[in-house]
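Summary of the model geometry
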Amino acid sequence: MVRVVVALLGPVPWTPPGVDPARWRTALAEDTVDLLATLTEVDTAVAVTPDDRWLADAVTWPDMAVHEVPEPTPNAVFAALSGYDQAAVLVADAPDLPALTIGKLLRPLTSRPAAVAPAEGTGPGLLGVAVRLPAPSWLPSLDLDRTRPAEIRAAAPRPGDLSVTPAWRRLRGPADLATLDPALEGWEATRALLSGAAG
């Protein structure tokens, strides 16, 4: 079983006031890549559009795979992967995401073709998507900022084909920023940038 976890370094819909958007994206991406470095028993990679190659170059380590995709969607990432049995695609605006949550996203693939982790809160959006490769033909076009798990389940041949795993917060607004837990390990780059902006 060969598995890969890919951070999709796509556009970030929100930046805290007073913070440079490019520096914000870079800090979030750096923390996401650092999280991937802690994972075991999986390969790790990032995916970017050609316009965002600069971001991948700024945050990846030398031996990390970088996949250029035509659009920043999980579907495009799945299509770009070869040699893997399973793949998970994660957003890049959840810098304090626990590694355990990623494990819970991959675990259902032993018995189901797909799994999704919702973004925490009442709005739309996903934290991540995992599939057995090649990706199921019924998988709809996914937008990590807008798709809801129910839309994916509705497209599946059977409701049980999709597992919905625990949610986690994304930093998409002031309310999300307030939920960051300083006691949690990780998210050093984001933490440093926010400390500098506050100071």
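All values derive from a computational prediction rather than experimental measurement.

What follows deals with the pattern of salt bridges. Enumeration according to the criterion identifies eight salt bridges in this entry. Linking Arg53 and Asp57 is a salt bridge whose minimum nitrogen-to-oxygen distance equals 3.1 Å. Here the residue Arg53 and the residue Asp57 both occupy positions in helix H2 (residues 53-59), the gap between them amounting to four residues, near one helical turn. Residue Arg169 pairs with Asp96 through a salt bridge whose shortest N-O separation is 2.6 Å. Of this pair, Arg169 sits in the loop between strand E7 (162-164) and helix H6 (174-177) while Asp96 sits in the loop between strand E4 (86-90) and helix H4 (99-106); the two residues are 73 residues apart in sequence, bridging distant segments of the chain. On the accessibility criterion, Arg169 (10% relative accessible area) is buried. The class for Asp96 is buried, based on a relative accessible area of 4%.

Once that is clear, we can look at the side chain of Thr73. Assignment of secondary structure puts Thr73 in the loop between strand E3 (65-68) and helix H3 (74-80). Judged by relative accessible area, which is 11%, Thr73 ranks as buried. Dropping the residues within four chain positions of it, Thr73 is found in contact with Leu8 and Leu142.

Moving on to the side chain of Ser163. Take Ser163: it is sitting in strand E7. Overall, the relative accessible area of 11% leaves Ser163 in the buried class. The residues contacting Ser163, other than those within four sequence positions of it, are Pro108, Arg112, Ala114, Ala115, Val116 and Arg153.

On inspection of all chains with the given rule, the structure shows one aromatic pair. Ring centres of Trp14 and Trp24 lie 6.3 Å apart, and the angle between their planes is 90°; this geometry places the pair in the edge-to-face category. One end of the pair, Trp14, is in the loop between strand E1 (3-8) and helix H1 (21-37); the other, Trp24, is in helix H1, with 10 residues separating them in the sequence. Note on accessibility: Trp14 and Trp24 belong to one class, buried. Seen from the ring of Trp187, Arg191 lies directly overhead, with NZ or CZ sitting 4.1 Å from the centre.

What counts, and where the lines are drawn
Residues numbered from 1 in each chain as written. Predicted model: local features only at pLDDT ≥ 70, side-chain atom pairs only at ≥ 80, totals over all residues. Heavy atoms only, no water. Salt bridge = Lys/Arg side-chain N within 4 Å of Asp/Glu carboxyl O. Helix = DSSP H or I, 4+ residues; strand = E, 2+ residues; numbered from the N terminus. Buried < 20%, exposed > 50% of the residue type's maximum accessible area, 1.4 Å probe, protein only. Contact = heavy atoms within 4.5 Å. Phe/Tyr/Trp six-rings, centres within 6.5 Å; stacked < 30°, edge-to-face > 60°. Lys NZ or Arg CZ within 6 Å of the ring centre and 35° of its normal.

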